[in-house]
Amino acid sequence: MSRYVFFNSSAQDIKVLTAAKRAARSRGATVVKSLAGTMLLELPPAQVSEVAQALPGWRYSAERKTTRVPERRPLQRSKARGAAASVAKR
């Protein structure tokens, strides 16, 4: 199953959001998270258009998870720091 984010800027009222969640669940979607005007739904891609038609005024897009993974590099120690440590050992 894929996740989709549904948006509606005029759905700030809790009653409107509750009705939208109920309509989405009746079409087979799982509500993962919801906030004022936003719902994260998990459903098969084939059912997205059906759920979108049941929610007039709501726009949707596929959830995009992007995570930047830092490049693994060995730590470099400065020469001055290494020289000071070797002098302190003497």
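What counts, and at which threshold
Residues numbered from 1 in each chain as written. Predicted model: local features only at pLDDT ≥ 70, side-chain atom pairs only at ≥ 80, totals over all residues. Heavy atoms only, no water. Pairing = 2+ DSSP bridges. Helix = DSSP H or I, 4+ residues; strand = E, 2+ residues; numbered from the N terminus. Axes fitted to C-alpha atoms, helices over the stretch in contact; angles between N-to-C directions. Phe/Tyr/Trp six-rings, centres within 6.5 Å; stacked < 30°, edge-to-face > 60°. Buried < 20%, exposed > 50% of the residue type's maximum accessible area, 1.4 Å probe, protein only. Salt bridge = Lys/Arg side-chain N within 4 Å of Asp/Glu carboxyl O. Expected span 1.5 Å × (residues − 1). Arc of directions from axis to C-beta. Contact = heavy atoms within 4.5 Å.

Section: the sheet that holds strand 4 (residues 59–62)
As summarised here, the arrangement of the 4 strands in space is 2-3-1-4, forming an open sheet in which the pairing is antiparallel. Two strands lie at the open edges of the sheet, namely strand 2 (30–35) and strand 4, each paired on one side alone. Taking each pair of neighbouring strands and ignoring which way they run, the sheet shows an average axis angle of 25°. Summarising the sheet, strand 1 (residues 2–7) and strand 4 pair through 4 bridges and their orientation is antiparallel. Within strand 4, the residue paired with phenylalanine 7 across the bridge is arginine 59.

Here's the deal with the packing of aromatic side chains
Any aromatic ring pair is given by two values, namely how distant the centres are and how the planes are angled relative to each other. Counted according to the given criterion, the structure contains 2 aromatic pairs. The interplanar angle of 80° and the centroid separation of 6.2 Å between the aromatic rings of tyrosine 4 and tyrosine 60 together place this pair among those described as edge-to-face. Highlighted residues: tyrosine 4 in strand 1 and tyrosine 60 in strand 4, separated in sequence by 56 residues. For tyrosine 4, a relative accessible area of 11% puts it in the buried group. Centroid distance phenylalanine 6 to tyrosine 60: 5.2 Å. Interplanar angle 25°. Geometry classified as stacked. Linking phenylalanine 6 in strand 1 with tyrosine 60 in strand 4, this pair joins segments that are 54 residues apart in sequence. Looking at phenylalanine 6, the relative accessible area reads 0%, which means it is buried. Members of the aromatic cluster, joined through ring pairs, are Tyr4, Phe6 and Tyr60.

Observations concerning the pattern of salt bridges
In this structure the tally under the stated criterion is 1 salt bridge. Residue glutamate 42 pairs with arginine 3 through a salt bridge whose shortest N-O separation is 3.3 Å. Of this pair, glutamate 42 sits in strand 3 (residues 38–43) while arginine 3 sits in strand 1; the two residues are 39 residues apart in sequence, bridging distant segments of the chain.

With respect to helix 1 (residues 14–26)
An α-helical turn contains 3.6 residues, so a residue and the one three or four places further along point in the same direction. With 13 residues, helix 1 ought to run about 18 Å at 1.5 Å a step, and its terminal C-alpha atoms sit 18 Å apart, in line with that. Listed as buried for helix 1 are Leu17, Ala20, Lys21 and Ala24. One side of helix 1 carries all its buried residues, which in axial view fall inside an arc of 100°. Counted as exposed and oriented over 90 degrees from the buried face of helix 1: Lys15, Arg22 and Ser26. Tucked inside the fold, the buried residues of helix 1 contact strand 2, strand 3 and helix 2 (48–54). One or two residues past the end of helix 1 sits glycine 28, with phi positive at roughly 95°.

Brief notes about the environment of valine 51
Tracing the sequence through the fold places valine 51 in helix 2. When its relative accessible area of 0% is taken as the criterion, valine 51 is described as buried. Sequence separation between valine 51 and glycine 28 is 23 residues; the distance between their C-alpha atoms is 8.4 Å. The residues touching valine 51, leaving out its near neighbours within four places in the chain, are Phe6, Ala24, Arg27, Ala29, Leu41 and Leu43.

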